[in-house]
Amino acid sequence: MEFLAKETDVAVVGAGHAGCEAALAAARMGHTVVLLTMNLNSIAAMSCNPNIGGTGKGHLVREIDALGGEMGKNIDKTFIQSRMLNTSKGPAVHSLRAQADKWDYHAAMKSALEDQDRLHLIQDEVITFSFEDDALCGVVCKSGAVYKAKKVILATGTYLRGRIFMGEVNYSGGPDGMQPANALTDRIEALGIPTLRMKTGTPARVHRDSIDYTHLEEQKGDAEIHPFSFLNFQKDYSDKEQISCHLTYTTPATHDIIRENIHRSAMALGDIEGKGPRYCPSIEDKVVRFADRDRHQVFLEPEGMHTKEIYVQGVSSSLPLEVQIRLYREIEGLSHCEFMRPAYAIEYDAIDATKLHRSLEVMDVPNLYMAGQINGSSGYEEAAAQGLMAGINASLGIEGKEPLILGRDQAYIGVLIDDLVTKGTREPYRMMTARAEYRLTLRQDNADLRLTEIGREIGLVDDARYALFQERKDAIERERERLLGIQINPTEENCRILATLGSAELKNAISLLHLMQRPELNYENLAVFDPHRPTLSKDVITEVETEIRYKGYIEKQQAQIQKSRKMENKHLSKDLDYMAIRGLRNEAKEKLSSIRPDSVGQAGRISGVSPADINVLLIYLEQQRRERESGLDDA
């Protein structure tokens, strides 16, 4: 029997990485929040890989932190190894990645939720929605409890009608041994929201003591640790204990076992409807797709300081358990490995994200927001970014304010959400640096300079964080001005010094700032010309140096951004009748009518809308503008 359990401003359904960020953001912005999860033990669960960050994903974590989110702070508390990736490449693709103690990560996030004012954490399963006068006004749980809410955020992860696959064996189940949520999909579809099936998977966990590390390549953490959270940039991590990972490889024997049994994989059997993630394929997919390769990399990653479970990255599988054990034991170093948890594929329901506004609110169901893997994304970081934005926009909606929409030129978060709602996806979407056309200006090191002012304006950045931000920003600006004011004259001695640094002699006097733009020179080796330079933190130096050395490229990208903003600033009415616009192709009419873009810029990114269609649309908008102005003149 239903009963009113609580009235709240925001009800968040699901306490994975999206739900946690959504709930914390809304509560920190001053609203009451109920966070509902089927199991309190699954809060911020790392059901798949035990790490945060990586290429593209590390940018998202820094942006979440810059806006006032929790993920960066949480991994800084609980990491067991830290590495900066892609350091041999340019700064645009440098990406931080940290191995987490998955149990500590869960516990620390649960504590953050429990300690947050105005946030109520409750274990129960949401099975349907509550309506008043045809307007969404809350959720109903299996227990009969009704939570009345002004806004509802669904962050259900991979739980909706979850199904586990291991060869011929398949059964209803959620990730990591949890229960699935089988009731809510029907209620979502009843609201007119299209759903689709998606698939992902995870490798086995093996006992550490059953691994022979003798001939494996050790992967240590960085000697110099870079934190994710800007709040921790000045923290000393020199005494932090790190655990090594190890690199190994599959063998031809591994591949032979897979080929002999490929017909027994869940995909081959036809039991799985959904399409798996392209950039994280199962081992059987890799063996089939890259038939000419006789080995694939395998990373052995500890799952925590107080467990002997080892995550075997690179060997996810939907093959039967007995086949899994055989193929794993043909991997170098794993000949006697003992399984603690098997590999499996999981299929689950997601929605067609093109039915969302860029605020993540459902177009045809006001007050309902979607965040995380329910929108077709994969990964903890992508989920957390969406959860943060859903929590922010639900809060702004309650306050009667316009939603926060981050542009593709402002943040990777903007790229992520725009891709999902504009293009949609039929396979789990993974963030990569290649997806961001303005990645040189969207570096992980400057996320605070791009976004912290925005976080402050909406009420997520507190006084302490803002003071640290201002201090860092001022230090960067002061050092840039100081370097600009130091003149290096073309004396014989100065030219001699430059020659020792492999640089050409000077013809005219030049500032130290402009001298640093020479590719062979940098902040460190120019210290000889700068004996009185102040003591600065490494992050400030890195930021100053990057902006100086890449100034020309950055200015070129800024010009591209200004050009694209003209299209983004040409707003489109949600009531625009595309079917009535002569000259638009039928496919463009259908796509534009379905997705209802906010701007001409967004319209141009819709698959099926051509540049010719955009020209027709621009002409139509100009005609409409002239007609309006003519009408005003006649009046």
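As the structure is a prediction and not an experimental result, all values here were calculated from the model. (Residues numbered from 1 in each chain as written. Predicted model: local features only at pLDDT ≥ 70, side-chain atom pairs only at ≥ 80, totals over all residues. Heavy atoms only, no water.)

(A) Examining the overall build of the protein more closely. For the protein, the helix and strand inventory stands at 20 helices and 22 strands. What you see for the protein is a C-alpha radius of gyration of 27 Å, in line with the 26 Å of a compact globule of 635 residues. Each of the three principal axes of the protein carries a C-alpha extent, and together these read 85 × 85 × 50 Å. Buried residues in the protein amount to 56% of all 635 residues. A separation threshold of at least 6 residues defines the contact pool for the protein, and within that pool the share at least 24 residues apart is 73%. Carbon and sulfur atoms make up 48% of the accessible area of the protein, which amounts to about 27,100 Å² in all. Taking the 78 positively charged and 94 negatively charged side chains of the protein as two groups, their mean positions are separated by 3 Å. (Helix = DSSP H or I, 4+ residues; strand = E, 2+ residues; numbered from the N terminus. Rg over C-alpha atoms; globule rule 2.2 N^0.38 Å. Buried < 20%, exposed > 50% of the residue type's maximum accessible area, 1.4 Å probe, protein only. Contact = heavy atoms within 4.5 Å. Areas by Shrake-Rupley, 256 points an atom, 1.4 Å probe, with all protein chains shown as cover. Lys, Arg positive; Asp, Glu negative; His and termini not counted. Charge placed at Lys NZ, Arg CZ, Asp CG, Glu CD.)

(B) Broad picture of the pattern of salt bridges. In the structure shown here, the tally under the stated rule is 56 salt bridges. Linking Asp418 and Arg408 is a salt bridge whose minimum nitrogen-to-oxygen distance equals 2.9 Å. Of this pair, Asp418 sits in helix H11 (residues 412-423) while Arg408 is found in the loop between helix H10 (380-398) and H11, placing the two residues ten residues apart along the sequence. Here Asp419 ties to Arg408 by a salt bridge, and the two come within 2.8 Å at their closest N and O atoms. Separated by eleven residues along the polypeptide, Asp419 in helix H11 and Arg408 in the loop between H10 and H11 bring together distant segments of the chain. Residue Asp419 shares its accessibility class with Arg408, and that shared class is buried. (Salt bridge = Lys/Arg side-chain N within 4 Å of Asp/Glu carboxyl O.)

(C) Representation of the environment of Tyr249 within the structure. Mapped onto the secondary structure, Tyr249 falls in strand E15 (residues 245-249). When the C-alpha atoms of Tyr249 and Gln562 are compared, they prove to be 47 Å apart, with 313 residues separating the residues in sequence. Tyr249 has contacts with Arg295, His296, Gln297, Val298, Ile331 and Glu332, leaving out every residue within four places of it along the chain.

(D) Summary view of the side chain of Asp448. Following the sequence through the fold, Asp448 ends up in helix H12 (residues 447-458). At 2.6 Å, the side chain of Asp448 and the side chain of Arg472 are in polar contact. (Polar contact = N/O pair within 3.5 Å; in protein donor to acceptor, adjacent residues only side chain to side chain.)

(E) Focus on the sheet that holds strand E4 (residues 79-85). Spatially, three strands are ordered E3-E5-E4 in an open sheet, and the strand pairing comes out antiparallel. The strands lining the two open edges of the sheet, one partner per strand, are strand E3 (51-53) and E4. Strand-to-strand twist across the sheet, computed as the mean angle between neighbouring axes with direction ignored, equals 15°. The pairing of E4 with strand E5 (residues 95-100) spans six bridges and is classified as antiparallel. Looking across to E5, one finds that Ser82 is bridged to Ala98. (Pairing = 2+ DSSP bridges. Axes fitted to C-alpha atoms, helices over the stretch in contact; angles between N-to-C directions.)

(F) Structural context of the side chain of Glu543. Within the fold, Glu543 resides in helix H16 (residues 538-549). Setting aside residues up to four positions removed in sequence, Glu543 forms contacts with Arg443, Asp445, Asn446, Leu449, Arg472 and Ile476.

(G) Focus on the nonpolar core. Core analysis: the largest hydrophobic core is formed by 105 residues, its most contacted members being Leu154, Ile188, Leu368, Met370, Ile392 and Ile413. Residue contributions to this core peak at ten residues, all from H10. When residues of this core are assigned to domains, at least three map to each of domain 1 (3-199 + 347-458) and domain 2 (205-346). The contacts of Ile188, once residues within four sequence positions are left out, are Phe129, Leu154, Leu160, Ile193, Thr195, Ile351, Met370 and Ile374. (Core = buried A, V, L, I, M, F, W, Y, C linked by side-chain atoms within 4.5 Å. Domains from an automatic or database assignment.)

(H) Broad picture of the sheet that holds strand E14 (residues 217-219). Here six strands make up an open sheet; going across it, the order is E14-E15-E16-E17-E13-E18 and the pairing antiparallel. Edge positions in the open sheet fall to E14 and strand E18 (339-341), since each of these has one partner strand only. Each adjacent strand pair in this sheet contributes to an overall mean axis angle of 35°, direction not counted. Sheet topology places strand E13 (residues 205-207) next to E18; two bridges connect them, and they run antiparallel. Each bridged residue has a counterpart across the sheet, and for Val206 the counterpart in E18 is Phe339.

All quantities given are derived from atomic positions and should not be read as evidence of function.
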